[in-house]
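Here are the chains, one letter per residue:
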Amino acid sequence: MKFEVYCDETLPDLFTSDHPSAEFLMIGSLWLPADLREEVKDRIAVLRQQHGVHGEMKWRKVSPSKVGFYTDLIDLFMSFGLDLRFRCIAVEHQAMNIELHNGDAELGFYKFYYQVLHHWILDQNEYTIFCDLKRNRDRTRLATLKRVLKNANRTSIIQEVQSLPSPEVVLLQLCDVLLGAASARMNDRKDLGAAKESVIAHLERRLNRTRLQPTPKSEEKLNIFRIRLGGGW
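Because the structure is predicted, anything quoted here is derived from the model rather than measured.

### A few points about the pairing of strand E6 (residues 222–226)
Okay, so step 1: Counting buried residues along E6, 4 of its 5 residues qualify, which places the element largely inside the surrounding structure.
Okay, so step 2: Judged from the 5 bridges that link them, strand E3 (residues 85–92) and E6 form a sheet pairing that is parallel. What sits directly across from Ala90, in E6, is Arg226.

Here's what the structure looks like:
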């Protein structure tokens, strides 16, 4: 089968900050069969029209007037079952050691990107991976990520790893919303406001979880992987 993966990150500055604003850097990924893309986009477009929502969908844009739209967006994500899945990685700031990445924070960041993707790539499938547009010091980062993924997954096809501007790609925006909710819980944010708390609570109810927190490796719908830099899941 052909799959598409849409990726985003939150708080990437934690890799280099001496005064971190949160505990966990997070990278997220939205996975779906390629032939489902247009249906998902069309259904999101219907929701936009119903709620009068225009412009980019983003976690930071969740507001009291838009709660209904974002809870319906969660329902849409859930309605596709395992055809639409989300996986993110949480990397603890205090456990990072840039020296393990040749003193290169950007290299370390893309090593964690690899961890997000590699474990859900299955044999005999084809994958096209889209990352939110990000200015890299080394312009070969995505090409290197593609090469490393190909070398680690010899029986699968890594068709492409490319960056796209999220304002133009609705599935990157959906990834941003899910990642924002997961990051808020992982970083134990107390200043979210009622609107964001309501959206997170709705997602937790739909997942039948008391709280968004690290999941077992076997969790397939919404997987939160807190990486243990010393080893283990």
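### A look at the sheet that holds strand E2 (residues 24–33)
Okay, so step 1: Judged by pairing direction, the sheet is mixed, and its 6 strands sit side by side in the order E5-E4-E1-E2-E3-E6 without closing on themselves. Of all strands in the sheet, those with a lone pairing partner are strand E5 (157–164) and E6, marking the two edges. Between one strand and the next, the sheet's axes are offset by a mean angle of 20°, whatever the strand orientation.
Okay, so step 2: Of the pairings in the sheet, the one linking strand E1 (residues 2–10) to strand E4 (residues 126–132) comprises 6 bridges and is parallel in character. Bridged to Glu4 within E4 is Thr128.

### A word on a negative patch on the surface
Okay, so step 1: Taken together, the side chains of Asp35, Glu39, Asp42 and Asp83 present a region of like negative charge at the surface.
Okay, so step 2: With respect to the element layout, Asp42 can be found in helix H1 (residues 37–51).

### What about the packing of aromatic side chains?
Centre-to-centre distance and the angle between the planes together describe a pair of aromatic rings.
Okay, so step 1: Inspection of the entire model under this criterion finds 8 aromatic pairs.
Okay, so step 2: An angle of 85° between the planes, with centres 5.1 Å apart, marks the rings of Phe109 and Tyr110 as edge-to-face. The exposure classification of Phe109 matches that of Tyr110, with both residues buried.
Okay, so step 3: With centroids separated by 5.5 Å and ring planes inclined at 80°, the aromatic side chains of Phe109 and Tyr113 adopt a geometry described as edge-to-face. Taken together, the residues span about one helical turn, with Phe109 and Tyr113 both in helix H3 (residues 105–118) at a distance of 4 residues.
Okay, so step 4: Put simply, the rings of Phe3, Trp31, Trp120 and Tyr127 pair up and form one aromatic cluster.

### Some points on the nonpolar core
Okay, so step 1: Grouped together as the largest cluster of nonpolar side chains are 49 residues, with contacts concentrated most on Met26, Leu30, Val40, Leu178 and Leu222.
Okay, so step 2: Among the elements of the structure, E2, H1, helix H2 (67–79), E3, helix H5 (170–186), helix H6 (194–207) and E6 are those that each provide at least two residues to this core.
Okay, so step 3: If one sorts the elements of this core by residue count, H5 sits on top with 12 residues.
Okay, so step 4: Aside from chain neighbours lying at most four places away, what touches Met26 is Asp8, Glu9, Thr10, Cys88, Ile89, Ala90, Leu179, Ala182, Ser183, Met186 and Ile224.

What counts as what
- Residues numbered from 1 in each chain as written.
- Predicted model: local features only at pLDDT ≥ 70, side-chain atom pairs only at ≥ 80, totals over all residues.
- Heavy atoms only, no water.
- Buried < 20%, exposed > 50% of the residue type's maximum accessible area, 1.4 Å probe, protein only.
- Helix = DSSP H or I, 4+ residues; strand = E, 2+ residues; numbered from the N terminus.
- Pairing = 2+ DSSP bridges.
- Axes fitted to C-alpha atoms, helices over the stretch in contact; angles between N-to-C directions.
- Patch = residues over 30% accessible without salt bridge, like charges linked within 9 Å, V, L, I, M, F, W, Y side chains within 5 Å.
- Areas by Shrake-Rupley, 256 points an atom, 1.4 Å probe, with all protein chains shown as cover.
- Salt bridge = Lys/Arg side-chain N within 4 Å of Asp/Glu carboxyl O.
- Lys, Arg positive; Asp, Glu negative; His and termini not counted.
- Charge placed at Lys NZ, Arg CZ, Asp CG, Glu CD.
- Phe/Tyr/Trp six-rings, centres within 6.5 Å; stacked < 30°, edge-to-face > 60°.
- Core = buried A, V, L, I, M, F, W, Y, C linked by side-chain atoms within 4.5 Å.
- Contact = heavy atoms within 4.5 Å.

So, to be careful, I would describe these as geometric facts and stop short of saying anything about function.
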